[in-house]
Amino acid sequence: SGPDHAFHAEQLIDGHFTPGFDLKSIEYWSYLNDLYADRDSHTEYGFAIEVKRQNFYHIAKILIPIFLILILSWSSFWIKPKEIEAKLTVTIICFLTLIAYNFVIDSDLPRLDYLTWLDYYILLSYVFCGLTTFASIFEYMSASKRKDLKNNFTATLRATGIPIFFTINIISFYLIKYNSILNVL
């Protein structure tokens, strides 16, 4: 009767599998348990189902919008240093948008006792977004003390900030796609 039960399990899985996951493998087994001498022996059944989460939803609905918000935040470096109101408006609105977006996507993410890769990504995005606000203030303060409005710190951030975050995103997307360890978002 073991193989017959396994056949029914495969039919059940084929017809009723959870969307958002791919079925990788099904293993099932049965064995006769006769450990208890004073009782009748009985057959025990076991099964293992290996699934893989489909990541496109998380990439399209979470990672790419966060990346675009951060690009907008870093655009403040192309506003003139003396226009601090415009720079702070851009950076603070992007930061608040990131926080609001986090509340929107929070219902789509599982509540876990530990941080996942996606949680680290979101925390890193807060750092990158907050950095633009502090750099804008720093640039304004240092520019107001000098006649020339050139600042090496913000020039370096302007030149390297987006490429660094873009590189982190490319590496992250690669790891999500090809590394089974990080497939749990």
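Higher on the page you've got the structure.
Residues numbered from 1 in each chain as written. Predicted model: local features only at pLDDT ≥ 70, side-chain atom pairs only at ≥ 80, totals over all residues. Heavy atoms only, no water.

1. Structural notes on the overall build of the chain
Right, on to step 1. Counting secondary structure elements, the chain contains five helices and two strands.
Right, on to step 2. In the chain, the succession of helices and strands from N to C terminus is α-β-β-α-α-α-α.
Right, on to step 3. The proportion of buried residues among the 185 residues of the chain is 29%.
Right, on to step 4. Relative to all contacts within the chain whose residues are 6 or more apart in sequence, the contacts with residues 24 or more apart total 66%.
Right, on to step 5. For the chain, the accessible area works out to roughly 12500 Å², and carbon and sulfur atoms hold 64% of it. (Helix = DSSP H or I, 4+ residues; strand = E, 2+ residues; numbered from the N terminus. Buried < 20%, exposed > 50% of the residue type's maximum accessible area, 1.4 Å probe, protein only. Contact = heavy atoms within 4.5 Å. Areas by Shrake-Rupley, 256 points an atom, 1.4 Å probe, with all protein chains shown as cover.)

2. What about the pattern of salt bridges?
Right, on to step 1. Evaluation of the coordinates by the stated rule reveals two salt bridges.
Right, on to step 2. Residues Lys87 and Glu139 are paired through a salt bridge, measuring 2.6 Å at the closest nitrogen-oxygen approach. Of this pair, Lys87 sits in helix 3 (residues 84-105) while Glu139 sits in helix 4 (residues 117-145), placing them 52 residues apart in sequence. No difference in accessibility class separates Lys87 from Glu139, as the two residues are buried.
Right, on to step 3. Note that Arg111 is salt-bridged to Asp106, the shortest N-O span being 3.2 Å.
Right, on to step 4. The exposed category is assigned to Arg111, whose relative accessible area is 69%. (Salt bridge = Lys/Arg side-chain N within 4 Å of Asp/Glu carboxyl O.)

3. Structural notes on the side chain of Thr132
Right, on to step 1. Within the fold, Thr132 resides in helix 4.
Right, on to step 2. Of note is the side chain of Thr132, whose polar atom sits 2.5 Å from the backbone oxygen of Cys129. (Polar contact = N/O pair within 3.5 Å; in protein donor to acceptor, adjacent residues only side chain to side chain.)

4. Digging into a nonpolar patch on the surface
Right, on to step 1. A cluster of nonpolar side chains, Leu23, Tyr28, Phe47, Ile49 and Val51, forms an exposed patch at the surface whose accessible area comes to about 460 Å².
Right, on to step 2. Within the residue set of the nonpolar patch, elements represented by two or more residues are strand 1 (21-33) and strand 2 (42-53).
Right, on to step 3. Summarising the element assignment, Leu23 is placed in strand 1.
Right, on to step 4. A residue is classified by how much of its surface remains accessible, and Leu23, at 33% relative accessible area, is partly exposed. (Patch = residues over 30% accessible without salt bridge, like charges linked within 9 Å, V, L, I, M, F, W, Y side chains within 5 Å.)

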